[in-house]
Amino acid sequence: MKKRGILTSTGMEIRRREQGWAVARQVLLFPFLLSLFCRAVSEQIRYLIPEEMAKGSLVGNLAKDLGLSVRELPRRKLRVLSAAKKQYFSVNGENGNLYVNDRIDREEICGTDQLCVINFETVLENPLNVFHINVAIQDINDNAPLFLKNSIDLQISESSLPGARFLLEYAEDPDVGMNSLQSYQLSPNQDFILEVKESQDGNKYADLVLQKPLDRESQRSLHLILTAVDGGEPQRTGTAQIWINVTDANDNPPIFTQERYKVSLRENAPMGSLVLQVKANDNDEGSNAQISYVISKVSEKTLQKFSLDSQNGKITVKDPLDFEETRDYTMAVEAKDGGGLVTHCKVEIEVIDENDNAPEATFTSVSSPVPEDSVPGTVIALISVNDLDFGDNGKVSCHLLDDFPFTIISSSNNYYKLLTDSTLDRERTPEYNITITATDNGSPPLSTQKTILLQISDINDNAPVFEKPSYTAYVPENNPSGTSIFSVKASDWDLDRNARVTYSILSSNLEKLPLSSYISINPQTGAIYAQRSFDYEQFREFEMQVKAQDGGSPPLSSNVTVRVFILDQNDNAPCILYPSLGADGSALFEMVPRSAEAGYLVTKVVAVDADSGHNAWLSYHLLQATEPTLFSMGLHTGEIRTARAFADRDAVKHRLVTLVKDNGQPPLSATVTLNLVFAENFQEALPEMSDQSADSASQSDLQFYLVLSLVLISFLFLLTVTLAIVMKLRTSRKPKLLQCFDPEPYSKTGSMFPPNYEDGTLPYSYQLCLSSDARKNDFTFLKQNLQVADNILCGESSGMVFMGNGSSSLHAETQTAAEVSW
């Protein structure tokens, strides 16, 4: 039989009701708790019920216990609020009865705590009141003691002396009080007795004590039964089988330095960190002194959290710890020597709480929108806060982050009210984004922010707002006309027609053609369309102003800048700048010295691509050659070099077809044909060039006569130079003309070359020095814009356009110099 009672302001009124055990309950109200409540709480109710009550069982009548009339319950909207994951109780809003709503397992809810209380709140509206309900759960004997291992294996030496103790596997009973584990019993035998002890934490464990020496020769093993008994009604038991193997003598068991190790560990200890190290010593020698450690008596939860090194006895963290889950761990460590003797010690690990849980805030009730004529003190929201940490780490306070016309006050235990602090003005502030910060008292403190959007009213006082302050669009060139290239979006905080946004284009920086011939915009969706195909080479970007206007009266609008970038496509083939093409479409002649070695720079193909990026990356390829093994071409430089030295069996004239290809998809390319002549001087190359001109089917008669005239003019020019040299030799001991053949005409370091002369994209000037012996002519490559002595004869018209690179050697012989440039 249970009792139910309630404490009112006039005294204690006891109501008694006899019912079956399944619905037994008790309601108590403690006066000393009244100081903990705030203004919104009028009373606190406590019930006492047994666990495992059937769902739907009556706990009590809240309306009657609170002194409320049943007729006013529908208007007051009586309901239950609980921060727990499960809703264990429910209340009938019509009659005020409190019922069991879900299965109540005391062991699941409170574990081994002696006092198990489920706390929840009931809320009444009109006016708002919060009542705290505490339901104490009484334990019933619904769990029998249970050994973690059904079989206990012991290795006991025959040399063990009477009084030797062996720690046995302990049993666990999740019940509390008299229903929990009370004692152990051992099956009758002549060799051992059972001694039951109680640890400081109240748990009972048993030691197996040897009564008389064992004789392995007469009895090698023993079988005993260990029984754990609780004190409930009816009494429940659990058993474990003890198998004892008698081993040969090893007269010195390991001895721990401490019987009980106790350590405190923070819950944020990293995995693998050292908890402590147990140490046992054995006075034996050899294998009998080799000690190994093992966790012998431990719960499965403890075994998941810690690991023990069997060699050195170090206990380390195996899995992250959580103070909120388990606050302390206990384990028994067994030290076993090589002879089979064992000893045990107890390890107690206390977990220290860290402030690792931020407060949780929940809006229990929110009133939105709020009329702008609401008086100060109007309740806007009811907030519930909770922190899973312990002590100061779990104490929470709330405050507002912004300076708004609102305030937050503590309503009751773990509850806060959000109130208006002054009058509201919709025209000044149409809505408030209120941020509530819940902060605990931990070190460092943790906090949680909750935001509530509070709207006041609606008139057309908000202009449309674009999602971004500016937009950037990327459109590939050659796009089809009429396709959508981008979309803008603006939103209006107003409602209905005041929020209907239309779009238009105000202006653009395109000046060549009217704006409408380039772009247009869908007034309803904000989609921007291209009215024509864009050309990256024509213009690469442009800007425009887009206007968003609502449908209010008068309408409001806002503008945004949209910047459009045209993306390059591979629509331009490479353009070859050098070598320049002749009348027949082929490049003019390049002369290569016969003495050129492998790697000699013959010429360089220079090309550009109007595209950009990887579409303008060019590669150079040698498609055709009269002698493919004689030349090579740089893939990325366009340089044509000799792959080997010129041989007598090689042809003098060579025709090369080169391909310049870009890196676009698909790639575009261009080709150029080069004519090369192997000769040591201009006179030797001239017949080959003339033959080439005569054999070309594409040249006209006019070109033939021009070439012939050019040869005659060259001959006369050479004759004039020769005569001038002869006259000069007669009047000067050492003519300045011969200074170009001096071993050091310009510097003491030998022949001069311009830096990076191979990397240029346009040809350089060459100085041609001719000796009296045509077979010893050499070309000297000089610096750009290098001025020759004033007595050297230079001519631009040599009878035929000539392009070539000279050799890198200078001779000290008497030579005739002429500079050929283009």
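Just so it is clear, the model here is predicted, and its values are computed rather than measured. (Residues numbered from 1 in each chain as written. Predicted model: local features only at pLDDT ≥ 70, side-chain atom pairs only at ≥ 80, totals over all residues. Heavy atoms only, no water.)

### Considering the packing of aromatic side chains
Here the structure, examined in full by the defined rule, presents 12 aromatic pairs. With a centroid separation of 6.2 Å and an interplanar angle of 50 degrees, the aromatic rings of Phe-147 and Tyr-184 are classed as tilted. With Phe-147 in strand E11 (residues 146-147) and Tyr-184 in strand E15 (residues 181-186), this residue pair connects regions lying 37 residues apart in the sequence. Accessibility assignment for this pair places Phe-147 and Tyr-184 in one class, buried. Centre to centre, the rings of Phe-631 and Phe-678 are 6.0 Å apart; their planes meet at 40 degrees, and the pair counts as tilted. Residue Phe-631 is found in strand E50 (residues 631-633), and its partner Phe-678 is found in strand E53 (residues 669-678); the two are separated by 47 residues along the sequence. (Phe/Tyr/Trp six-rings, centres within 6.5 Å; stacked < 30°, edge-to-face > 60°. Helix = DSSP H or I, 4+ residues; strand = E, 2+ residues; numbered from the N terminus. Buried < 20%, exposed > 50% of the residue type's maximum accessible area, 1.4 Å probe, protein only.)

### Section: the confidence of the model for the protein chain
Looking at the protein chain, pLDDT values average 77 and 79% of them are 70 or higher. Predicted confidence is poor over residues 1-42, with pLDDT under 50, and the contacts of this stretch with residues over four places away or in other chains come to 90 contacts. Below a pLDDT of 50 lies the segment residues 693-699, which in the model reaches 8 contacts outside its immediate sequence neighbourhood of four places, other chains included. (pLDDT = per-residue confidence, 0-100. Contact = heavy atoms within 4.5 Å.)

### Structural notes on the environment of Ser-443
Its location among the elements puts Ser-443 in the loop between strand E34 (431-440) and strand E35 (447-455). In this structure Ser-443 comes out as exposed when scored by relative accessible area, which is 69%. Along the backbone, Ser-443 and Asp-392 are 51 residues apart, and their C-alpha atoms lie at a distance of 9.0 Å. Sequence-distant contacts of Ser-443, that is, excluding residues within four places in its chain, are made with Asn-355 and Asn-393.

### Quick notes on the state of the cysteines
The final tally for this structure, using the stated rule, is 1 disulfide. Put simply, Cys-110 and Cys-116 are joined by a disulfide, and their sulfur atoms are 2.0 Å apart. One quick way to see it: the torsion about the S-S bond of Cys-110 and Cys-116 is about 70 degrees, and its sign makes the bridge right-handed. Here Cys-110 matches Cys-116 in class, with each residue buried. (Disulfide = S-S within 2.5 Å.)

### Brief notes about unusual backbone geometry
Look at the link from Asn-126 to Pro-127: it is a cis peptide, with omega at 0 degrees. As for its position among the elements, Pro-127 is in the loop between strand E9 (117-124) and strand E10 (129-138). In this structure, Pro-444 follows Ser-443 across a cis peptide bond, with omega equal to -5 degrees. Structurally, the position occupied by Pro-444 is in the loop between E34 and E35. Its identity as a non-glycine residue notwithstanding, Glu-52 has a phi of 65 degrees, on the positive side. By the secondary structure assignment, Glu-52 is in the loop between strand E4 (44-50) and strand E5 (58-61). Its identity is not glycine, yet Lys-77 carries a phi of approximately 55 degrees, on the positive side. Along the chain, Lys-77 turns up in the loop between helix H2 (73-76) and strand E6 (79-81).

### Things to note about the pattern of salt bridges
Once their charged atoms are close, side chains differing in charge can pair, the charge on each being opposite to the other. Taken as a whole and judged by the stated rule, the model has 20 salt bridges. Linking Arg-103 and Glu-52 is a salt bridge whose minimum nitrogen-to-oxygen distance equals 3.0 Å. Placement of the pair is Arg-103 in the loop between strand E8 (97-100) and helix H3 (106-110) and Glu-52 in the loop between E4 and E5, with a sequence separation of 51 residues. Take Arg-103: its relative accessible area is 46%, and that puts it in the partly exposed class. As a salt-bridge pair, Glu-348 and Arg-260 come within 2.9 Å of each other at their nearest N and O atoms. Pair noted here: Glu-348 is in strand E28 (residues 342-352) and Arg-260 is in strand E21 (residues 260-266), with a separation of 88 residues, a long-range link. Among the residues examined, Glu-348 registers a relative accessible area of 13% and is labelled buried. Exposure remark for Arg-260: the relative accessible area of 34% places this residue in the partly exposed category. By sharing partners, the salt bridges in this structure join Glu-52, Lys-86, Arg-103, Asp-105 and Glu-108 into a single network. (Salt bridge = Lys/Arg side-chain N within 4 Å of Asp/Glu carboxyl O.)

### Overview of the sheet that holds strand E32 (residues 406-412)
The strand order E29-E30-E33-E32 describes an open sheet built from 4 strands, whose pairing is antiparallel. The two strands at the open ends of the sheet, each matched to only one other strand, are strand E29 (360-366) and E32. Across the sheet, the mean angle separating the axes of adjacent strands is 30 degrees when strand polarity is ignored. Here E32 runs beside strand E33 (residues 415-420); their pairing, made up of 6 bridges, is antiparallel. Each residue of the ladder has a partner; that of Ser-412, found in E33, is Tyr-415. (Pairing = 2+ DSSP bridges. Axes fitted to C-alpha atoms, helices over the stretch in contact; angles between N-to-C directions.)

### Looking at a nonpolar patch on the surface
Where nonpolar side chains cluster on the molecular surface, the patch consists of Phe-704, Tyr-705, Leu-708 and Leu-712 and spans about 440 Å² of accessible area. Note that Leu-712 resides in helix H6 (residues 701-731). (Patch = residues over 30% accessible without salt bridge, like charges linked within 9 Å, V, L, I, M, F, W, Y side chains within 5 Å. Areas by Shrake-Rupley, 256 points an atom, 1.4 Å probe, with all protein chains shown as cover.)

### Observations regarding the pairing of E34
With 8 of its 10 residues buried, E34 lies for the most part within the structure. Note that strand E31 (residues 396-400) and E34 share 5 bridges and pair antiparallel. Note that in E34 the partner of Val-396 across the bridge is Asp-440. Bridge count between E34 and E35: 9 bridges; the pairing is antiparallel. The residue of E35 that forms the bridge with Tyr-432 is Leu-454. The hairpin turn running from E34 into E35, its antiparallel successor, is 6 residues long.

### Comments concerning the sheet that holds E5
As summarised here, the arrangement of the 3 strands in space is E5-E8-E7, forming an open sheet in which the pairing is antiparallel. Edge positions in the sheet fall to E5 and strand E7 (89-91), since each of these pairs with one other strand and no more. The mean angle between the axes of side-by-side strands here comes to 20 degrees, regardless of whether they run parallel or antiparallel. Across 3 bridges, the pairing between E5 and E8 is antiparallel. Looking at the pairing, Gly-60 lines up with Leu-98 of E8.

### So, the pairing of strand E52 (residues 653-662)
Of all 10 residues making up E52, 7 are buried, and the element is well covered by its neighbours. The sheet contact formed by strand E49 (residues 618-625) and E52 spans 7 bridges and is antiparallel. Across the sheet, the residue bridging to His-621 is Leu-659, located in E52. Examined bridge by bridge, E52 and E53 share 9 bridges and lie antiparallel to one another. Along E53, the bridge assignment pairs Thr-658 with Val-672.

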